[in-house]
Amino acid sequence: MFSHIMVGSNDLDASRKFYDATLGALGARAGSENNGRIVYMHGGGLFLVTKPIDGEPACHANGGTIGFAAASPEQADAWHAAGVANGGTAIEADPGVREGPFGKLYLAYLRDPAGNKVCAMHRIPA
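Residues numbered from 1 in each chain as written. Predicted model: local features only at pLDDT ≥ 70, side-chain atom pairs only at ≥ 80, totals over all residues. Heavy atoms only, no water.

1. Observations regarding helix H1 (residues 12-25)
As a reminder of what qualifies: Elements are defined by DSSP. Helices are runs of H or I of four residues or more, strands are runs of E of two residues or more, and each kind is numbered from the N terminus. One less than the residue count of a helix, multiplied by 1.5 Å, gives the span that helix is expected to have. Per-residue accessibility, obtained with a 1.4 Å probe over protein chains only, is compared with the maximum for each type, and a residue is labelled buried under 20%, exposed over 50%, and partly exposed between these values. Any N or O atom pair separated by 3.5 Å or less is treated as a polar contact, with the protein-specific requirement of one donor-capable and one acceptor-capable atom, and with residues adjacent in sequence counted only for side-chain atom pairs.
Taking 1.5 Å as the rise per residue, H1 with 14 residues should run 20 Å; its terminal C-alpha atoms sit 19 Å apart, in good agreement. Among the residues making up H1, those that are buried are Leu12, Ser15, Phe18, Tyr19, Ala21, Thr22 and Leu23. One side-chain oxygen at the N-terminal end of H1 lies 3.2 Å from the backbone nitrogen of aspartate 13; it belongs to aspartate 11. Backbone geometry just after H1 places glycine 27 at a positive phi near 105 degrees.

Here is the structure:
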């Protein structure tokens, strides 16, 4: 359904440190530079970080969340720990299992250095 996800940042160095660590915990390689953007490719997905093209300050999407697939609860925990250690902020409840209409999910939430809400999610088999 998605071709890519891009978020804005006012500090690309802080964002690179955070996303190299968190996405690295999920198995992605460090981001590469392309036309002033940081590009991550992993598992068929494309994730980019950029300063806004219009020159205005970047801001986070209030109510928005970007979810990254984790292969296990342990990988989601590693993602969360890497994020906190590299400029992210833990938010919401501690990482753990939550039940909803889609079954049991293991979720870990962070805010990146630019304020974007991100999540690592592992679907627990029924």
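2. Section: the packing of aromatic side chains
The test is simple: Only Phe, Tyr and Trp rings are paired, with Trp represented by its six-membered ring, and only when their centres lie within 6.5 Å; those with planes under 30 degrees apart are stacked, over 60 edge-to-face, the remainder tilted.
Considering all chains together, one arrives at 5 aromatic pairs under this definition. Here the aromatic rings of tyrosine 19 and tyrosine 40 are separated by 6.4 Å at their centres, their planes lie at 55 degrees, and the arrangement is tilted. In this pair, tyrosine 19 sits in helix H1 while tyrosine 40 sits in strand S3 (residues 37-42), placing the two residues 21 residues apart along the sequence. Note on accessibility: tyrosine 19 and tyrosine 40 belong to one class, buried. Between phenylalanine 47 and phenylalanine 68, the ring centres sit 5.2 Å apart and the planes meet at 75 degrees, which makes this aromatic pair edge-to-face. Placement of phenylalanine 47 in strand S4 (residues 45-50) and of phenylalanine 68 in strand S5 (residues 66-69) is noted, with a sequence separation of 21 residues between them. Each member of the pair phenylalanine 47 and phenylalanine 68 is classed as buried. One aromatic cluster is present, built from ring pairs that chain together Phe18, Tyr19, Tyr40, Phe47 and Phe68.

3. Regarding helix H2 (residues 73-85)
The condition is simple: In this context, the arc is that of the directions from the helix axis out to the C-beta atoms. Only heavy atoms matter for contacts: two residues are in contact if any of them lie within 4.5 Å across the pair.
Here H2 contains 13 residues, and its C-alpha end-to-end distance of 18 Å stays within 8% of the 18 Å for a straight helix at 1.5 Å per residue. For H2, the set of buried residues is Gln75, Ala76, Trp79, His80, Ala82 and Gly83. For H2, the angular spread of the buried residues around the axis is 165 degrees, confining them to a single face. With respect to the buried face of H2, the exposed residues turned more than 90 degrees away are Glu74 and Ala85. Summarising the contacts, the buried residues of H2 are in contact with H1, S5, strand S6 (89-90), strand S8 (103-111) and strand S9 (117-123). Phi turns positive one or two residues past the end of H2, at glycine 87, with a value near 100 degrees.

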